[in-house]
Amino acid sequence: MDPVVIPILVAAIVVVFLVASTVRIVPQARRYNIERFGRYRRTLQPGLNLVLPVADRVNTKLDVREQVYSSDPRPVITEDNLVVNIDTVLYYQITDPRAAAYEVADYLQAIDQLTVTTLRNVIGSMDLEETLTSREEINSRLRAVLDDATGKWGIRVNRVEIKAIDPPHTIKEAMEKQMRAERDKRAAILHAEGERQAKILTAEGTRQKDILEAQGAQQAMILRADGEAKAVELVFQAVHRNDADPKVLAYKYLETLPHLAGSDNNTFWVIPGELTEAVRTVSSAFGDQSTPGRRQPAPSAETGTADAGTPHEGRGPELAAAPAPSLDAATAADRAEKQAAAAVSDAKAEAEAAMSPQVPRRGQASGS
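Here the structure is a predicted model, which is why all the values come from computation and not from measurement.

S.K.: Please clarify how the overall build of the protein should be interpreted in this entry.
M.R.: Helix and strand counts for the protein stand at 11 helices and nine strands. Residue burial in the protein is summarised as follows: out of 368 residues, 26% are buried. Within the protein, counting contacts between residues at least 6 apart in sequence, those at least 24 apart form 61% of the total.

Written out as structure tokens, the structure reads:
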């Protein structure tokens, strides 16, 4: 080989090496710290950068994006002397690459140890229940301490979250029993409230039902009374319009008496004092009562009335068949009914005899 070619090749290789050492391409969201003869010179930004070959070298390459760091569970003692295991999640971002490279040797380890000590200080002033229910407070206090400590390291802590709090197994069982008891208590309270509400609604329904039934019965009685009043008024007007004979009224009066005595609910019944007068009216309508061969209904009714006892004030005498004290009320009512029926039958017979042309009247019989 020509001796001239060899130096040219060596020179070309040196030039290529120097050019390659001079050019530094930094990716986006990366930062390179440059040292010149072992001393920090500058931080390369993303893009094409030129450095002095041999004199400048890249010391650290840092990622300035937000990063996540999850720590292992660490034992922490609460105020009520219970050991709980707490693991955290840390969100941080490098804001100053020079400080992150030269102010602390290992910023992740430093952040982890600082998080553990801060947790022990914070949790040590809380009991277990407060620890489980105060995660937001713990997170805010952790972030304040970490942000203040890592600021000089060129790191900004954006967020700190407690990932898990694991109490001892015995405490977990006690908490489960407590929660089960609370759920049973709430279920019993809800069941009792439901039964109470159901009873209240049932009572309200019964009350409304009784009120409506009473109102319906009242309206029915009012309508029934109005109907009876109108019926009596119509009968009264009809009687007065037709100018009924007192004898006909007495006959209808006697005709009603058996219906009064035939009721099942009456053990005794009281007849008005006008019964004997009505019997006399019916009898006198068909002739003198002293005529032989004629039935005498009035004495029979009067006798039954007199035997029943002394009449009360404002009422007629009670109709009783026999004065014997051994007869009960049912027998007396039955006998009174029979006497009233006999009186009505006698009155009907008198009326039929008076209307029949074959039977001579009392005047004719006495004339003969």
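Still to come is the rest of the account.
S.K.: It is not clear to me how unusual backbone geometry should be interpreted in this structure. Could you clarify?
M.R.: Negative phi values dominate among residues other than glycine, just as trans dominates among peptide bonds. Non-glycine residue A29 carries a positive phi angle of around 65°. Relative to the helices and strands, A29 resides in the loop between strand 1 (23–26) and strand 2 (30–36). A residue is classified by how much of its surface remains accessible, and A29, at 14% relative accessible area, is buried. Residue N81 is not a glycine yet carries a positive backbone phi of 60°.

S.K.: In this structure, what is going on with the packing of helix 3 (residues 107–123) against helix 5 (residues 135–150)? I would like to understand it.
M.R.: The axes of two packed helices give the description: the angle between them and the distance between them. It is the contact of helix 3 with helix 5, at a shortest axis distance of 10 Å, that shows an interaxial angle of 140°. Classified by the interaxial angle, the pair formed by helix 3 and helix 5 is oblique. For the element pair helix 3 and helix 5, the recorded crossing hand is right-handed. Packed against helix 3, whose contacting residues are I111, L114, T115, T118, L119, V122 and I123, the element helix 5 presents I138, R141, L142, V145, L146, A149 and T150 at the interface. Residue composition of the contact of helix 3 with helix 5, by class: 10 nonpolar, three polar and one charged.

S.K.: So what exactly am I meant to see when it comes to the environment of R41 here?
M.R.: You can see R41 is positioned in strand 3 (residues 39–44). Remark: the alpha-carbon pair of R41 and V58, spanning 17 residues in sequence, is separated by 10.0 Å.

S.K.: I keep staring at the sheet that holds strand 3 and nothing clicks. Help me out?
M.R.: To summarise the sheet geometry, strands pair through backbone hydrogen bonds and adopt either a parallel or an antiparallel arrangement. Pairing is antiparallel across the open sheet formed by three strands, whose spatial order is 3-2-5. In this open sheet, the two edge strands, each paired with only one partner strand, are strand 3 and strand 5 (56–63). With strand direction ignored, the average angle separating the axes of adjacent strands in the sheet is 25°. The pairing of strand 2 with strand 3 spans five bridges and is antiparallel. Bridge pairing links N33 to T43 in strand 3.

S.K.: Please clarify how a nonpolar patch on the surface should be interpreted in this entry.
M.R.: On the surface, I6, V10, V14, F17, L18 and V54 cluster together into a nonpolar patch covering about 560 Å² of accessible area. Looking at the secondary structure, you find V10 in helix 1 (residues 5–22).

S.K.: How should the pattern of salt bridges be read in this particular structure?
M.R.: Opposite charge on two side chains allows them to pair when their charged atoms are near. In total, this model carries 10 salt bridges according to the counting rule given. Ionic pairing is found between D112 and R74, a salt bridge with its closest N-O pair at 2.9 Å. Of this pair, D112 sits in helix 3 while R74 sits in strand 7 (residues 74–77), and the two are 38 residues apart along the sequence. In this structure D112 comes out as buried when scored by relative accessible area, which is 8%. A salt bridge links E204 to R207; the nearest nitrogen and oxygen atoms lie 3.8 Å apart. Of the two residues, E204 and R207 are both situated in helix 6 (residues 169–242); the distance of three residues between them amounts to about one turn of the helix.

S.K.: What's the story with a positive patch on the surface in this structure? I'm lost.
M.R.: Together, K177, R180, R183 and R186 give the surface a local cluster of positive charge. Position of R183 relative to the elements: it lies in helix 6. R183 gets classed as partly exposed once you look at its relative accessible area, which sits at 43%.

S.K.: For this particular structure, what's the right way to read the packing of aromatic side chains?
M.R.: Two measures describe an aromatic ring pair: the distance that separates the ring centres and the angle between the ring planes. Throughout the structure, instances matching the rule amount to two aromatic pairs. Plain terms: the ring middles of Y40 and Y102 are 5.6 Å apart, the flat faces sit at 65° to each other, and that makes the pair edge-to-face. Here Y40 is found in strand 3, whereas its partner Y102 is found in helix 2 (residues 97–102), with 62 residues between them in sequence. Overall, Y40 belongs to the partly exposed group, its relative accessible area being 28%. Between Y92 and Y107, the ring centres sit 6.1 Å apart and the planes meet at 65°, which makes this aromatic pair edge-to-face. Here Y92, found in strand 8 (residues 83–94), pairs with Y107, found in helix 3; they are 15 residues apart in sequence, far enough to count as distant. Look at Y107 and you get buried, because its relative accessible area is 16%.

S.K.: Would you mind showing me how to read the side chain of T43 here?
M.R.: If you trace the backbone, T43 turns up in strand 3. Within the structure, the side chain of T43 is placed 3.0 Å from the side chain of N33, a separation counted as a polar contact. Polar contacts involving the side chain of T43 include one to the side chain of Y40, which spans 2.6 Å. For T43, the contacting residues outside a window of four places in its chain are R31, Y32, N33 and P97.

S.K.: Which parts of the structure should I look at to understand helix 5?
M.R.: Since there are 3.6 residues in each turn of an α-helix, residues three or four apart along the chain are aligned in direction. Spanning 16 residues, helix 5 covers 22 Å between terminal C-alpha atoms, matching the ideal 22 Å at 1.5 Å per step. Along helix 5, the positions that sit buried rather than exposed are I138, N139, L142, L146, A149 and T150. Buried residues of helix 5 fall within an arc of 105° about the axis and therefore sit on the same side. More than 90 degrees from the buried face of helix 5, the exposed residues found are E136 and D148. Of the surrounding elements, those touching the buried residues of helix 5 are strand 8, helix 3, helix 4 (128–133) and strand 9 (155–166).

Here is what the cut-offs are and how they apply
- Residues numbered from 1 in each chain as written.
- Predicted model: local features only at pLDDT ≥ 70, side-chain atom pairs only at ≥ 80, totals over all residues.
- Heavy atoms only, no water.
- Helix = DSSP H or I, 4+ residues; strand = E, 2+ residues; numbered from the N terminus.
- Buried < 20%, exposed > 50% of the residue type's maximum accessible area, 1.4 Å probe, protein only.
- Contact = heavy atoms within 4.5 Å.
- Axes fitted to C-alpha atoms, helices over the stretch in contact; angles between N-to-C directions.
- Parallel < 35°, antiparallel > 145°, perpendicular 65-115°, else oblique.
- Left-handed = near helix turned anticlockwise from the far one by under 90°.
- Nonpolar A, V, L, I, M, F, W, Y, C, P; charged D, E, K, R; others polar.
- Pairing = 2+ DSSP bridges.
- Patch = residues over 30% accessible without salt bridge, like charges linked within 9 Å, V, L, I, M, F, W, Y side chains within 5 Å.
- Areas by Shrake-Rupley, 256 points an atom, 1.4 Å probe, with all protein chains shown as cover.
- Salt bridge = Lys/Arg side-chain N within 4 Å of Asp/Glu carboxyl O.
- Lys, Arg positive; Asp, Glu negative; His and termini not counted.
- Charge placed at Lys NZ, Arg CZ, Asp CG, Glu CD.
- Phe/Tyr/Trp six-rings, centres within 6.5 Å; stacked < 30°, edge-to-face > 60°.
- Polar contact = N/O pair within 3.5 Å; in protein donor to acceptor, adjacent residues only side chain to side chain.
- Expected span 1.5 Å × (residues − 1).
- Arc of directions from axis to C-beta.

Function cannot be inferred from these measures alone, as they are strictly geometric.
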